[in-house]
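Overview (structure and organization)
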Amino acid sequence: MASLKVPANVPLPQEDAEQLHKAFAGWGTNEKLIISILAHRNSAQRSLIRSAYAATYNEDLLKALDKELSSDFERVVMLWTLDPAERDAFLAKESTKMFTKNNWVLVEIACTRSPLDLFKVKQAYQARYKKSLEEDVAQHTSGDLRKLLLPLVSTFRYEGDEVNMRLARSEAKLLHEKVSEKAFSDDDFIRILTTRSKAQLGATLNQYNNEYGNAINKNLKEDSDDEYLKLLRAVVTCLTYPEKHFEKVLRLAINRMGTDEWALTRVVSTRTEVDMERIKEEYQRRNSIPLHDAVAKDTSGDYEDMLVALLGHGDV
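All figures in this text were calculated on a predicted structure; none of them were measured in a lab.

1. Description of the UniProt feature "binding site: Ca(2+) 1" (unreviewed entry) in the protein chain
According to UniProt, the positions carrying the feature "binding site: Ca(2+) 1" (unreviewed entry) are Phe 24, Gly 26, Gly 28, Glu 68, Ile 254, Arg 256, Gly 258, Ala 296, Thr 299 and Glu 304. Considering the C-alpha atoms alone, the annotated residues occupy 281 residues of sequence and remain spread out, their largest mutual distance being 38.9 Å. Relative to the helices and strands, Glu 68 is located in helix H4 (residues 61-68). Exposure remark for Glu 68: the relative accessible area of 29% places this residue in the partly exposed category. Counting through the fold element by element, Gly 258 comes out in the loop between helix H16 (242-254) and helix H17 (261-271). Gly 258 sits in the partly exposed class, given a relative accessible area of 45%.

Rendered as structure tokens:
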């Protein structure tokens, strides 16, 4: 995503850094001050604040936040404050660990980021963990899951709008054949999903729908408990209709016994500066309640305040 211009009415990064340092001073932490600053600064501004804080106080702002904050509030503030590529690298690393393993996160990062953004994530991953993302994905997955996830994180997709309709027709036919045979881990099936540009894949899946009377994801729902098929469906949705995927993640995170704070935090912190307006529209359409109202009903305290502020981000 291109850096946003810093509006004239926003305080200088140095001033924000000073205010944040004040928020940490004394006996208690001033969480409201932290929210009032960080929740209303774009990615470029947050990066400048971190630089100013490090230069003035000889400490990484993230370390200062880590010392001062806790629980879900800390997680959302920390994720939001990270540079987007650093944030995705952190989430990707977390998703390959034993106790926080989550293949859905890998699918989101591989399929909803631009090719250049994914490349930057892999650079950040290598710089931070001294290993490649591909290496960790290969090490922590096996079988069909590895066969799908490894090319997803490895490929640098073409990003243009050009579409080859002849290819779309032939690959729609090929996909239909593999679906009919239940050959969901077939090499060609995976190759089409993991290497074609989003424009080309969209044309192929439209052709599939028109030719065979069904969206491919409906045909992949026959065994709805199969984790590999669930991930395949998520790949298709993330590549073609990401707001639909993230609406579902949010709906499942909120509408359950006990909130899935990790999923809620992940979506809000990663999509606020990307496509949150479309996600909010999709959520309202699907659930007949504004997303910020649903979040406010399901969360509390500083965590609620930070999430609601981010959901209104850009309107302030």
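2. Some thoughts on the packing of helix H6 (residues 84-96) against helix H7 (residues 103-112)
One can describe the packing of H6 onto H7 by two numbers: an axis separation of 8 Å at closest approach and a directional angle of 145°. The element H6 and its partner H7 pack so that their crossing is left-handed. Between H6, through Asp 88, Leu 91, Ala 92, Ser 95 and Thr 96, and H7, the contact on the second element is made entirely by Val 105, Leu 106 and Ile 109.

3. Things to note about unusual backbone geometry
The residue Asn 58 is not glycine, and still its phi comes out positive at about 55°. Position of Asn 58 among the secondary structure elements: in the loop between helix H3 (43-57) and H4.

4. Some thoughts on helix H13 (residues 198-212)
Think of an α-helix as 3.6 residues a turn; residues three or four steps apart then line up on the same face. In this model, H13 (15 residues) spans 21 Å end to end at C-alpha, consistent with the 21 Å of a helix rising 1.5 Å per residue. Those residues of H13 that are buried are in contact with helix H11 (165-180), helix H12 (187-195), helix H14 (216-219) and helix H15 (227-240). Looking at the residues trailing H13, positive phi occurs at Gly 213, about 75°.

5. Section: the environment of Leu 12
Mapped onto the elements, Leu 12 comes out in the segment before helix H1 (13-24). The class of Leu 12 is exposed, set by a relative accessible area of 54%. Along the primary structure Leu 12 and Gln 45 are separated by 33 residues, whereas in three dimensions their C-alpha atoms are 8.9 Å apart.

6. Let's talk about the environment of Ala 234
Looking at the secondary structure, you find Ala 234 in helix H15. Classification of Ala 234 by relative accessible area gives buried; the value is 4%. With 145 residues separating them along the chain, Ala 234 and Ala 89 place their C-alpha atoms 20 Å apart. For Ala 234, the residues in contact, after removing those within four places along its chain, are Trp 104, Val 107 and His 245.

7. Thoughts on the packing of H16 against helix H18 (residues 276-287)
The packing of two helices is summarised by the inter-axis angle and the distance between the axes. The N-to-C vectors of H16 and H18 enclose an angle of 60°; their axes lie 9 Å apart at closest approach. In terms of axis orientation, H16 runs oblique to H18. The handedness of the crossing between H16 and H18 is right-handed. Seen from H16, the contacting residues are Glu 243, Lys 244, Phe 246, Glu 247, Leu 250, Arg 251 and Ile 254; seen from H18, they are Arg 278, Ile 279, Glu 282, Tyr 283, Arg 286 and Asn 287.

8. What to know about the domain arrangement of the protein chain
Considered domain by domain, the protein chain is made up of domain 1 (13-69), domain 2 (84-154), domain 3 (165-239) and domain 4 (242-311). Put simply, the middle of domain 1 and the middle of domain 3, counted by C-alpha atoms, are 46 Å apart.

9. Observations concerning a nonpolar patch on the surface
Residues Leu 116, Phe 119 and Phe 156 make up a contiguous nonpolar surface patch of about 310 Å² in total accessible area. Mapped onto the secondary structure, Phe 119 falls in helix H8 (residues 115-129).

10. Focus: the pattern of salt bridges
Overall, the coordinates contain 23 salt bridges when judged by the stated rule. Linking Lys 131 and Asp 136 is a salt bridge whose minimum nitrogen-to-oxygen distance equals 2.8 Å. On the basis of relative accessibility, which here comes to 24%, the residue Lys 131 falls in the partly exposed class. Put simply, Lys 178 and Asp 186 hold a salt bridge, and the shortest N to O gap is 3.5 Å. In this structure Lys 178 comes out as buried when scored by relative accessible area, which is 15%.

11. Here we look at H12
Those residues of H12 that fall on the buried side of the exposure criterion are Phe 189, Ile 190, Ile 192, Leu 193 and Thr 194. Its buried side turned inward, H12 meets helix H10 (143-154), H11, H13, H14 and H15. Two or three places before Asp 188, at the start of H12, stands the capping residue Asp 186, its side-chain oxygen 2.8 Å from that residue's backbone nitrogen.

12. Looking at the environment of Leu 150
Its location among the elements puts Leu 150 in helix H10. Remark: the alpha-carbon pair of Leu 150 and Phe 189, spanning 39 residues in sequence, is separated by 14 Å. With residues near it in sequence (within four places) discarded, Leu 150 still touches Glu 134, Val 137 and Ala 138.

Analysis parameters
Residues numbered from 1 in each chain as written. Predicted model: local features only at pLDDT ≥ 70, side-chain atom pairs only at ≥ 80, totals over all residues. Heavy atoms only, no water. UniProt positions renumbered as here; feature names shortened; annotations may be inferred. Helix = DSSP H or I, 4+ residues; strand = E, 2+ residues; numbered from the N terminus. Buried < 20%, exposed > 50% of the residue type's maximum accessible area, 1.4 Å probe, protein only. Axes fitted to C-alpha atoms, helices over the stretch in contact; angles between N-to-C directions. Left-handed = near helix turned anticlockwise from the far one by under 90°. Contact = heavy atoms within 4.5 Å. Expected span 1.5 Å × (residues − 1). Parallel < 35°, antiparallel > 145°, perpendicular 65-115°, else oblique. Domains from an automatic or database assignment. Patch = residues over 30% accessible without salt bridge, like charges linked within 9 Å, V, L, I, M, F, W, Y side chains within 5 Å. Areas by Shrake-Rupley, 256 points an atom, 1.4 Å probe, with all protein chains shown as cover. Salt bridge = Lys/Arg side-chain N within 4 Å of Asp/Glu carboxyl O. Polar contact = N/O pair within 3.5 Å; in protein donor to acceptor, adjacent residues only side chain to side chain.

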